[in-house]
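# Secondary and tertiary structure notes
If you want the building blocks of each chain, they are given just below.
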Amino acid sequence: MSLDSITETIAHFVGTFQLTIEQARLREQYEEFTALRRKNDLDELEDPMSIRVKADLKLDPGDYDALPYMLLPPPSDLPLPPMPDGPVEMAEMFSGSAFGPAPYIPDAQFGEAQTATLILDPQVPPLIIGSAVTYNFQTIVMSDNDVVGHGDFRDVEIQIAQGQQMLDVALSMHAIATPSLNIEDYKSLEYLESLAEQMQSPMISQIEGVTIHQFHGEDALGVIVNGEVVEEIPDWNDLLPAHHHTEEDEDENDAPDMLPAEWDRSDDDEFGEGHTVIAGGNLAVNEVAITVAWVDAPVIAVGGKSVSLTVVSQVAVVSDIDQGEPGVQSDTNVVQASYIGTEANEQWWQDDDAAEPGADPIVSVTWIQGDLWVTNFIKQVIDATDIDKISTEISASTSLFTLGDNVLSNVTNIVQLGNFYDLIMIGGNMISVDMLHQTIALLDDDVYGNGSKPAEGDDNLVMNQASLTTTGEDTVEELDMAHAEAMPLQQVNREAFEDALTSNPDYAGMELIRVLKIEGDLVQINSVEQVTLLQDQDDLSVDAAAAVDAVVNGAGNALLNAANVTKVGVDSTVMAAGGEYSELLLHQASLLDIPEVPDASELANEAIAVLMEETAAIGENAIAQAQSNLTPSEIASTDDAMQTMLA
């Protein structure tokens, strides 16, 4: 429809007015933009009285050598924060996935505990050029205390207090004190002398029922299991309880099951029929593997002393007293295994290092002005409570109660690769300390009611396993005159130092002499502390369990502390001006409260009960009450993660 003449005139006027306004706006913006651009051009103009000349100059690379690269120490007014006083729980905690490749952790059907890493601030020397220093702290704290139904249950708080006291007892049964985390302590000869005195006169616990095996020096070499020399260490996988044995893999052609494992109700699975209560079946593993091949040489000359201390201390404390009808008592297999050995390894490179007749050897020296540290400090802790209470009646055709079955794992793998030399000269002392502390405490005191019985053969496994393998044998000799005269020469006397080595007949005929010259000390430390505490004290009462042949399992736990240290080197001749001292100690201690007869479930846990009465802080009879008497409890709901499936 066309507009009349008046309406068309008005529309034309409105359009012209809008265009005029828009043009004015654009002009204003353009003038502002032009002014800003001119201002920028003027600002870049420099003072006309100054002249600046730019030129790209390239120096002849043949006339100038690169300056040596050196890391400067931090300012002295900014010291590192000290270690926290008190327990490690005071340190800052970060929870989450670990860095690096994921370690192998067995599959868990129903739940896992998350690893919490403690970040401490250890004291380290300010200048550690060329050194390898690691601190690794791993801690898992799990509380999986499930409650199903009403019943006369033991008090959980008293049971937890009992476990902490038992752990304190276990820690007191070691041969020597806990290793220091202060790296500077190991430079002190006074501290090393105190360690040597403890190793010569190790602590022997006076607690009744403790079994202790101690071996010194060469007697500690080889494979020793529970105080006996054997040919090989038992395999952990072969000793695992039946609950942790994996079934054969399914056919590769079968389609993968996208549903959770606990939903599988096929006839091939044990869930397909019967009634099962799993209150145990926990797996707790602390595992450390260290491989050190940092520095070594066929000849090591030491201006001070050569000190080597090796300690393997293993402690296991177990309380496994079950109450109920005959046949409810489980068994606990305790294995403490150690391997300490040295293997010969001749240097392989000197056969291809022959010089032409009459030619002087070339000396390549790596200078370290201070100390050289090759240290690894590792502490792994698992503190887990799986104290379950169940009182229920079976009314379904098929049931599965999973109150335990937790998987906890701390894994550390360290590989340190360095260089081999023809000669290592140390102006100070050469110190080597290897200390492996392993502690396990298991409380599996279960109470079965209403005819409940566990499955046969599904018992507990407790294992401390340590191995310390050294590749390269050391032969001790006196420091000869040629090396003694070259020892005080420093980097400023480099030519004199090289002349002293080329004139030494021990290196005649060599084309290249590779030397590591350390002005200070060479300190090599591997300190591993592993602590595992698991409390699996269950109260299990299932009505009609005998009638329907229900399996009520409170055991089937597996605990492992494994520490494997491999020191890779070559056969060496060690010449120390201050003399050589070495000490080796293996300590295995165990306190076991396990009935030896099938119907001994009514026996009191006297050895540990008396011990707990002496240290209990909550009352003289509190632990005895928690051990053998049932206290009323009104808890009727689940206070932690629990999975229950009824069909």
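Residues numbered from 1 in each chain as written. Predicted model: local features only at pLDDT ≥ 70, side-chain atom pairs only at ≥ 80, totals over all residues. Heavy atoms only, no water.

## Topic: the overall build of the chain
The cut-off we apply is this: Note on conventions: DSSP H or I runs of at least 4 residues are helices, E runs of at least 2 residues are strands, and numbering of each starts at the N terminus. Residue exposure (1.4 Å probe, protein chains only): buried if accessible area is under 20% of the type maximum, exposed if over 50%, otherwise partly exposed. Under the convention used here, a 1.4 Å probe and the Shrake-Rupley method define accessible areas, while residue burial counts only the protein chains that appear.
Of the regular secondary structure elements, the chain holds eight helices and 30 strands. Split into buried and exposed, the 647 residues of the chain put 45% on the buried side. Counting every atom, the chain has about 34,900 Å² of accessible surface; 52% of that belongs to carbon and sulfur.

## Thoughts on the sheet that holds strand E12 (residues 332-343)
What counts is decided by this rule: Here a strand pair is declared whenever DSSP counts at least two bridges between the two strands. Angular values range over 0 to 180 degrees, each being the angle between N-to-C directions of two axes fitted as lines to C-alpha atoms, with helices fitted over their stretch in contact.
The seven strands lie next to each other as E7-E6-E12-E21-E27-E9-E17, forming an open sheet whose pairing is mixed. Bordering the open sheet on either side are strand E7 (228-230) and strand E17 (407-420), each of which pairs with just one other strand. Between one strand and the next, the sheet's axes are offset by a mean angle of 15 degrees, whatever the strand orientation. Inspection of the sheet shows strand E9 (residues 283-296) paired to E17 by 13 bridges, in the parallel sense. Considered in E17, the bridge of Asp296 is made with Phe420.

## Considering the environment of Glu580
Rule in force here: For this analysis, residues touch if any pair of their heavy atoms sits within 4.5 Å.
Assignment of secondary structure puts Glu580 in strand E29 (residues 580-593). Relative accessible area serves as the criterion here: at 37%, Glu580 is assigned to the partly exposed category. Taking the C-alpha atoms as reference, Glu580 lies 9.9 Å from Val302; in sequence the two are 278 residues apart. Setting aside anything within four residues of it in sequence, one finds Glu580 in contact with Ser306 and Val476.

## Notes on the packing of aromatic side chains
To keep it simple, the criterion reads: Geometry of aromatic contacts follows a simple scheme: Phe, Tyr and Trp rings, the Trp one being its six-membered ring, pair when their centres are within 6.5 Å, and the pair is stacked under 30 degrees between planes, edge-to-face over 60, tilted otherwise.
Enumeration according to the criterion identifies six aromatic pairs in this entry. The interplanar angle of 15 degrees and the centroid separation of 4.8 Å between the aromatic rings of Tyr135 and Phe377 together place this pair among those described as stacked. With Tyr135 in strand E3 (residues 132-143) and Phe377 in strand E14 (residues 372-385), this pair connects stretches of sequence that are 242 residues apart. A relative accessible area of 21% places Tyr135 in the partly exposed class. Here Phe377 falls in the buried class, since its relative accessible area comes to 0%.

## Considerations on a negative patch on the surface
As a reminder, the rule being used: Patches here: salt-bridge-free residues with over 30% relative accessible area, like charges joined within 9 Å, nonpolar side chains (Val, Leu, Ile, Met, Phe, Trp, Tyr) joined within 5 Å. One side-chain nitrogen of Lys or Arg within 4 Å of one carboxyl oxygen of Asp or Glu is enough to make a salt bridge. All tallies of charge rest on Lys and Arg as positive and Asp and Glu as negative; His and the ends of each chain are not included. A charged residue contributes its charge at one atom only: NZ of Lys, CZ of Arg, CG of Asp or CD of Glu.
Together, Glu231, Glu232, Asp235 and Asp238 make up a region of like negative charge exposed at the surface. Mapped onto the elements, Asp235 comes out in the loop between E7 and helix H4 (236-239). Accessibility expressed as a relative area gives 40% for Asp235, which makes it partly exposed.

## Some thoughts on the sheet that holds strand E23 (residues 512-518)
Across a sheet, strands are paired by hydrogen bonds formed along the backbone, either parallel or antiparallel in direction. Here six strands make up an open sheet; going across it, the order is E13-E23-E18-E10-E28-E22 and the pairing parallel. Looking at strand neighbours, the two that pair on one side only are strand E13 (362-368) and strand E22 (474-477), the edges of this open sheet. Strand-to-strand, the axes of this sheet are offset by a mean angle of 20 degrees, without reference to chain direction. Where strand E10 (residues 299-302) and strand E28 (residues 572-576) come together, four bridges link them in parallel fashion. Each residue of the ladder has a partner; that of Ala301, found in E28, is Met575.

## Side note on helix H2 (residues 156-171)
This is how the line gets drawn: To estimate how far a helix should reach, multiply one less than its number of residues by 1.5 Å. N or O atoms closer than or at 3.5 Å make up a polar contact, with two conditions inside protein: a donor-capable atom paired with an acceptor-capable one, and, for residues adjacent in sequence, both atoms drawn from side chains.
An ideal rise of 1.5 Å per residue puts 22 Å on 16 residues; H2 measures up with 23 Å between its terminal C-alpha atoms. Within the span of H2, buried status applies to Ile158, Gln159, Gln162, Gly163, Gln165, Met166, Leu167, Val169 and Ala170. Its side-chain oxygen placed 3.1 Å from the backbone nitrogen of Glu157, Asp155 serves as the N-cap of H2.

## So, the nonpolar core
This is how it is decided: Nine residue types can take part in a nonpolar core, namely buried Ala, Val, Leu, Ile, Met, Phe, Trp, Tyr and Cys, and a core is a set of them joined through side-chain atoms within 4.5 Å.
Counting 20 residues, the largest nonpolar core has Ile176, Tyr186, Leu192 and Leu309 as its most contacted members. Those elements giving two or more residues to this core turn out to be helix H3 (189-200), strand E11 (306-319), E14, strand E19 (430-443) and strand E24 (522-535). With five residues, the single largest contributor to this core is H3. Apart from the residues within four sequence positions on either side, Tyr186 is in contact with Pro179, Ser180, Tyr191, Leu192, Phe377, Ile431, Val433, Met435, Val523 and Ile525. Counting residues in hydrophobic clusters, the runner-up holds 19 residues, among them Leu468, Val528, Ala563 and Leu586.

## Comments concerning the side chain of Gln530
One can find Gln530 in strand E24. Within the structure, the side chain of Gln530 is placed 3.4 Å from the backbone oxygen of Asn286, a separation counted as a polar contact. Among the polar contacts listed, one links the side chain of Gln530 to the side chain of Gln438, at a separation of 3.0 Å. Discounting chain neighbours no more than four positions away, the residues touching Gln530 are Asn286, Glu287, Val288, Gln380, His437, Gln438, Thr439, Asn561, Ala562 and Ala563.

## As for the pattern of salt bridges
For side chains bearing opposite charge, pairing can occur when the charged atoms are close. For the coordinates displayed, the defined rule picks out nine salt bridges. In this structure, the salt-bridge partner of Lys379 is Glu529, at a minimum N-O distance of 4.0 Å. Of this pair, Lys379 sits in strand E14 while Glu529 is found in strand E24, placing the two residues 150 residues apart along the sequence. Its salt-bridge partner being Arg514, residue Asp422 comes within 3.8 Å of it at the nearest N-O pair. Here Arg514 lies in strand E23 and Asp422 lies in the loop between E17 and strand E18 (423-426), a separation of 92 residues in the sequence. On the basis of relative accessible area, Asp422 is assigned to the buried category, the value being 1%. Here the salt bridges do not stand alone but share partners, grouping Arg154, Lys389 and Asp539 into one network.

Treat this as a map of the structure, not an account of what it does.
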